[in-house]
Amino acid sequence: KAGVTQTPRYLIKTRGQQVTLSCSPISGHRSVSWYQQTPGQGLQFLFEYFSETQRNKGNFPGRFSGRQFSNSRSEMNVSTLELGDSALYLCASSDVPGSLTLEQYFGPGTRLTVT
Amino acid sequence: AQSVTQLGSHVSVSEGALVLLRCNYSSSVPPYLFWYVQYPNQGLQLLLKYTSAATLVKGINGFEAEFKKSETSFHLTKPSAHMSDAAEYFCAVTFTGGGNKLTFGTGTQLKVEL
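What you are looking at is a predicted structure, and each value in this text was computed from that prediction instead of being measured. (Residues numbered from 1 in each chain as written. Chains lettered and ligands numbered in written order. Predicted model: local features only at pLDDT ≥ 70, side-chain atom pairs only at ≥ 80, totals over all residues. Heavy atoms only, no water.)

Student: How should the state of the cysteines be read in this particular structure?
Tutor: Simply put, disulfide is the name for a covalent bond between the sulfur atoms of two cysteines. According to the stated counting rule, one finds two disulfides over all chains in the structure shown. Disulfide pairing places Cys 23 of chain A opposite Cys 91 of chain A at an S-S distance of 1.7 Å. Because the torsion about its S-S bond is -55 degrees, the bridge between Cys 23 of chain A and Cys 91 of chain A counts as left-handed. Of the two residues, Cys 23 of chain A sits in strand E3 (residues 19–24) while Cys 91 of chain A sits in strand E9 (residues 87–94), which places them 68 residues apart along the sequence. The pair Cys 23 of chain A / Cys 91 of chain A is uniform in exposure class, with both members buried. Across a sulfur-sulfur distance of 2.0 Å, Cys 23 of chain B and Cys 91 of chain B are joined as a disulfide pair. Residues Cys 23 of chain B and Cys 91 of chain B share a disulfide whose torsion about the S-S bond is about -60 degrees; that sign makes it left-handed. (Disulfide = S-S within 2.5 Å. Helix = DSSP H or I, 4+ residues; strand = E, 2+ residues; numbered from the N terminus. Buried < 20%, exposed > 50% of the residue type's maximum accessible area, 1.4 Å probe, protein only.)

Structure (C-alpha cells):
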C-alpha cells in the first residue's frame, strides 16, 4: 500500500497570503488528522476529519481551516499568513477514528515558510 | 486535560549502551500512550502503543516501554543502541473518546556515539 502523501513538500509564501495544503490518506483510510510542528510549540493538533465531517478541533485561530472530500483526501487552508505560521504541517490517516488498536500513519509533511 | 512530559530534550548514548527515554503523563482518565520516532525530514513513525492491555509493550526495532500507573510513567527503553536509532522521539497521549487527537511531549533528540 502506498503511504500518506502530502503535497507540496515545500512551500514559501509571503505574509498576508493564503495557502492550501493537501493530504491523501492511505487507500481505505477514512480519517485524516492534521498537526503543526514548530521548534517553539512542538507538535500541536489542528483538526481531524472523518467521512467529510470535522470531528475534533485544536486550539488554533479561525484562519486555519480544513475540509475532507468524499474520496477521503483532505486539504487544510491558512489565510492571512503570519510569520509564526512557518512550520512543518503533518497529516495522519487511520481507518476508524478513536479505534485505539489502529495506529495513525503520518505523511512526510509540508514545510511551510512564511517570509 | 491530558499532557505528557519528556525529561531531557537531548540524550546521548554510546553504541551498544542502554537507551532510556523518559515520559511522564498526566491524565484524569485512563490514558492511552504512544511513542513515535521522527527521522530528519520525515514524518512520525509509531514505535509502540499502550492501550490498557499488557503494561509491558514491545515495539519495533527492539524498543519497549512499560506503563507504570503508580509512577505515571511510560519510559522507552532499548537494551543496545544502534547508530540508526539516532532520531527524535516523541511520547503522546490520548484517551477514550479523544478520537485521533494526540497530545505530544516536546520530544527527545537521541544521539548515538561510536
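Now, onward.
Student: Please explain the sheet that holds strand E1 (residues 3–7) of chain B as it appears in this structure.
Tutor: Two strands in a sheet stick together by hydrogen bonds in their backbones, pointing the same way (parallel) or opposite ways (antiparallel). Residues and elements named next belong to chain B. If you walk across this open sheet you meet the five strands as E1-E3-E8-E7-E6, and the pairing is antiparallel. The open sheet has two edge strands with one neighbour each: E1 and strand E6 (56–58). Ignoring strand direction, the axes of neighbouring strands in this sheet form an average angle of 20 degrees. The sheet contact formed by strand E7 (residues 64–68) and strand E8 (residues 73–78) spans five bridges and is antiparallel. Bridge pairing in E8 links Phe 67 to Phe 74. (Pairing = 2+ DSSP bridges. Axes fitted to C-alpha atoms, helices over the stretch in contact; angles between N-to-C directions.)

Student: In this structure, what is going on with the interface of chain A and chain B? I would like to understand it.
Tutor: How big an interface is tends to be stated in terms of accessible area lost as the parts join. Taken together, the contact between chain A and chain B spans 24 residues of the former and 19 residues of the latter. When the two sides are added together, the surface that chain A and chain B hide from each other amounts to roughly 1700 Å², 53% of it contributed by carbon and sulfur. Taken together, chain A and chain B are joined by eight residue pairs in polar contact (both at pLDDT 80 or more). Counting only elements with at least two residues in the side of chain A that touches chain B, the list comes to strand E4 (31–38), strand E5 (42–50), strand E6 (53–57) and E9 of chain A. With four residues, E4 of chain A is the single largest residue contributor to the side of chain A that touches chain B. Looking at the side of chain A that touches chain B, its residues break down into 10 nonpolar, nine polar and five charged. (Contact = heavy atoms within 4.5 Å. Buried area = accessible area lost by both parts, 1.4 Å probe. Polar contact = N/O pair within 3.5 Å; in protein donor to acceptor, adjacent residues only side chain to side chain. Nonpolar A, V, L, I, M, F, W, Y, C, P; charged D, E, K, R; others polar.)

Taken by themselves, the reported measurements are silent on function.
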